[in-house]
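# Overview (structure and organization)
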Amino acid sequence: MAESAEAQLLKGVHGEVCDIRDELDRIKSFLRDADTRQDTDQTLKTWVKQVREIAYDVEDVLDKFMLGKALEQHDSQGCIDFLYILIKQFMVHHQTASSIQDIKTRIGMITERKDAYTLKRIEQGSSSNNMSDQWNDPRLNALFIEEAHLVGIDMPRRQLIRWLMNGDSRLKTISVVGMGGLGKTTQVKKVYDSQQVKKCFETYAWITVSQSFKPVDLLRNMIKQFSEAKKDQSPEGVDAMTEVELIQVLRSYLQNKSWVMITTRKGDVASSSCIGPSNHIYNLQPLHPENAWSLFCRKAFQSNEENSCPQELEKLSRSFVKKCQGLPLAIVTLGSLLSMKGKTYVEWEMIHGSLGSELESDDNLRSMTKILLLSFNDLPYYLKSCFLYWSIFPEDYAIRRMKLIRLWIAEAFVERNEGRSMEEVAEGYLNVLITRNLVLVTERKSYGKVITCQIHDLVREMIIPKFREEHFFASSVEENMNRIRHLSICNDGEKFPNFDTFSLLHSLLRLLKVVDLENVSVDIFPDDLTSLLHLWYLSLENTKIKKVPSSLMKLKNLETLNLKGTFVCELPVEILKLERLCHLLVYRYHIMVVYLPFNSVYGVKVSAGIGHMRSLQKLACIEAESGMIRELGNLTQLRRLGIIKLKREDGNDLCTSVEKMEYLQSLDVTSMDEEEVLDLHPLLHPPLPLQCLYLTGRLEKLPKWIASFHNLVAVCLRWSRLRDDPLKALQSLPNLVELELRRAFDGEELCCEGRGYPRLKQLLLIELMGLKKVRVEKGAMSSLEELDIRHC
């Protein structure tokens, strides 16, 4: 009987795998539904954690099964004994079948307790943002703060009052937008209470909109306040009016000069409320460092008449203020907590070192946490994992936009969307987080594209406990390896401790999807990495490796290979077998001293056959070879292409290939040397999405298509040595925002005619050795913000 049961178990393993995969989909649906309610229900929270554990176990079983299948396929291609393969297959199927049976038993036990993933409380429904537990909301205090206790509000208040006092009689809107805790309510309340403002209006009302509100109650409250301000009785029967009737009454109050002021964390709410030239959006900024320090000292040292900080506590105090990053709510709350502590270095150092736990245990800090995380709790389920992901990065870490997007995709946080690439969907996710003021942009391109971004340090402290509940990340190989799916080393170039422990990867981390070794001091490619067959993302950026092993071909699931800043100059032919690879980034820049050399970018040699890697979206930078140039036309999914050492005779083939790349957004081409001509005239129909064009090499004449291609936002011409004025030739490009001319012109005078370059923000004129004069006519470059003329 035992043998029969075992045989039955193994026989149906493929069906069991399909069943458990369906079960995983049902579990994920439950977790999505329960997500918005678990914060206010401890029983549900505990149960969700148990269900999530089962979800992780199911994913492990499926991943191990697929890993076993991949190893079987790899072994069968070699000279391994058939009997060995059969035994190995038996072991994989036996382990999979047993694990699935164990999971089903656990699911059955949970089902008995909780009716198949459904709680009656969930079925009865509640608001996704209902916060039933009682807590002290510090924002209420903002309505009653005395003027003398406020810091840094004068400039915003003056601007808001100026807007309110000016204008015609039409109904207008002012939206004050910013992240939670910036003091939006405080700022607007002080403007609202200003007698200078009130004397200009017959009626006024202060309305607080809760997370869950009824429009009818809000309208009714507004009407009653307007009536009270005019010293009139409320309209008869106002409590029984319908929503339409209430709106009609309210319109009668707003017929004359009227303003509506709104505070919001969401940029899209502000934008939709302020359509039209008469409306205004005020983006409230964090406090200036001096004001932040002043506010902290007032709160932390209020027992001191001068509110001065003791010398022995100044370093710690400034560190506390830095963590708050100009957020008034955080500064006030943290300062008030410290004011009740002993003024000793030891006690303050203890709080500084355990701030994360203090945020969970102290009542006042918990209230602040709830406010700052309101925006997080309001996020759609699919965005929460994306935001929690910031926990893995160090404090004050500004991450590059594209790195973040690739990591999200590798972690399977990004859902597929018909008609859009995964990168485009992920960028939409990031824009939502930025719009909701959860993510801070630290650097942008002149044309608006985000370069780097980060989150507030205190918010990071708050989400770390939430992220740890997911326990699928390690910041070193010496951490707990249970269910780790992401390994990252953040040590800024220091020697990686005990690199021999990387051999642990073979046994403990075989299901890793992400390995990020950026800036790690390693000069040889770790061979054990090629045994991680589930790997989607591999970064060895800014390491000292010089060679990539041919065994890399085993990473069939790899989508991103980042070798930027390494010394790799040639890729093995086996890399062509990575058919899922989307991002192949292999280049490094010359370290510039004073003058940038012609060959400032070092690329990589690739073998013939590159045209078979049809999933590629980013390819930079490759060395040009005649046959390979023609193959590039097969890479129709490319968004970015970087190519160096191009010969004049290959220009026609490159243009033919580029015309087939219908999604191309960025093209970077460098010729063989300073004397080699870049012939790009045959490019008659450039891809419509093309926005960024970087050309390094001699141009006998500027290709006509460049000056007439209106989608360009950034153009860089280097070593072009043009005889005709390129500044005049490009002036009609309506969307051009960035223009760099480096050794691009051999003449003496550049000219921009009136109304030329209407959107240009950045103009760089560098090493134009013969240049004597730049003439800009009236009305030209009306948007210019940066002009850099060097070595001319």
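Residues numbered from 1 in each chain as written. Predicted model: local features only at pLDDT ≥ 70, side-chain atom pairs only at ≥ 80, totals over all residues. Heavy atoms only, no water.

### So, the overall build of the protein chain
Of regular secondary structure, the protein chain possesses 27 helices and 24 strands. In the protein chain, which comprises 792 residues, the share counted as buried stands at 49%. At a minimum sequence separation of 6, the contacts of the protein chain that also span at least 24 residues come to 60%. Taken as a whole, the protein chain presents about 39,000 Å² of accessible surface, with 49% of it coming from carbon and sulfur. (Helix = DSSP H or I, 4+ residues; strand = E, 2+ residues; numbered from the N terminus. Buried < 20%, exposed > 50% of the residue type's maximum accessible area, 1.4 Å probe, protein only. Contact = heavy atoms within 4.5 Å. Areas by Shrake-Rupley, 256 points an atom, 1.4 Å probe, with all protein chains shown as cover.)

### Some remarks on the sheet that holds strand 4 (residues 399-400)
The sheet built from three strands is open, its strands ordered 4-6-5 with antiparallel pairing. Both edges of this open sheet fall to strand 4 and strand 5 (440-444), since each of them pairs with a single strand only. Pairing of strand 5 with strand 6 (residues 450-454), which is carried by four bridges, proceeds in the antiparallel orientation. Paired with Leu-440 across the bridge in strand 6 is Gln-454. (Pairing = 2+ DSSP bridges.)

### Digging into unusual backbone geometry
Cis peptide bonds are those with omega within 30 degrees of zero, and the linkage from Ala-620 to Cys-621 qualifies with -15°. Mapped onto the elements, Cys-621 comes out in strand 15 (residues 618-623). Phi at Lys-645 is positive, roughly 60°, even though this residue is not glycine. Examined against the element boundaries, Lys-645 turns out to sit in strand 16 (residues 640-646). Within the chain, Met-781 stands out as a residue other than glycine whose phi angle is a positive 50°. Take Met-781: it is sitting in the loop between strand 23 (773-776) and strand 24 (786-790).

### Some points on the nonpolar core
Of all hydrophobic cores here, the largest spans 87 residues; its most connected members are Phe-296, Phe-387, Trp-390 and Trp-408. Of all hydrophobic cores here, the second largest spans 82 residues; its members include Leu-535, Ile-575, Ile-629 and Ala-744. (Core = buried A, V, L, I, M, F, W, Y, C linked by side-chain atoms within 4.5 Å.)

### Description of the environment of Lys-28
Turning to its location among the elements, Lys-28 is positioned in helix 2 (residues 13-35). Look at Lys-28 and you get partly exposed, because its relative accessible area is 39%. Between the C-alpha atoms of Lys-28 and Ala-55, which are 27 residues apart in sequence, the distance is 7.5 Å.

### As for the pattern of salt bridges
As enumerated under the stated definition, the model contains 32 salt bridges in all. Between Glu-395 and Lys-323 there is a salt bridge, with its nearest N and O atoms 2.6 Å apart. With a gap of 72 residues between them, Glu-395 in the loop between helix 19 (381-388) and strand 4 and Lys-323 in helix 13 (residues 314-324) connect regions that are remote in the sequence. We classify Glu-395 as partly exposed; its relative accessible area is 33%. Judged by relative accessible area, Lys-323 falls into the buried class, the value being 5%. Among the salt bridges present, the one from Arg-721 reaches Glu-675, with a minimum N-O distance of 3.2 Å. (Salt bridge = Lys/Arg side-chain N within 4 Å of Asp/Glu carboxyl O.)

From the geometry alone we can't say anything about function, so treat these as descriptive.
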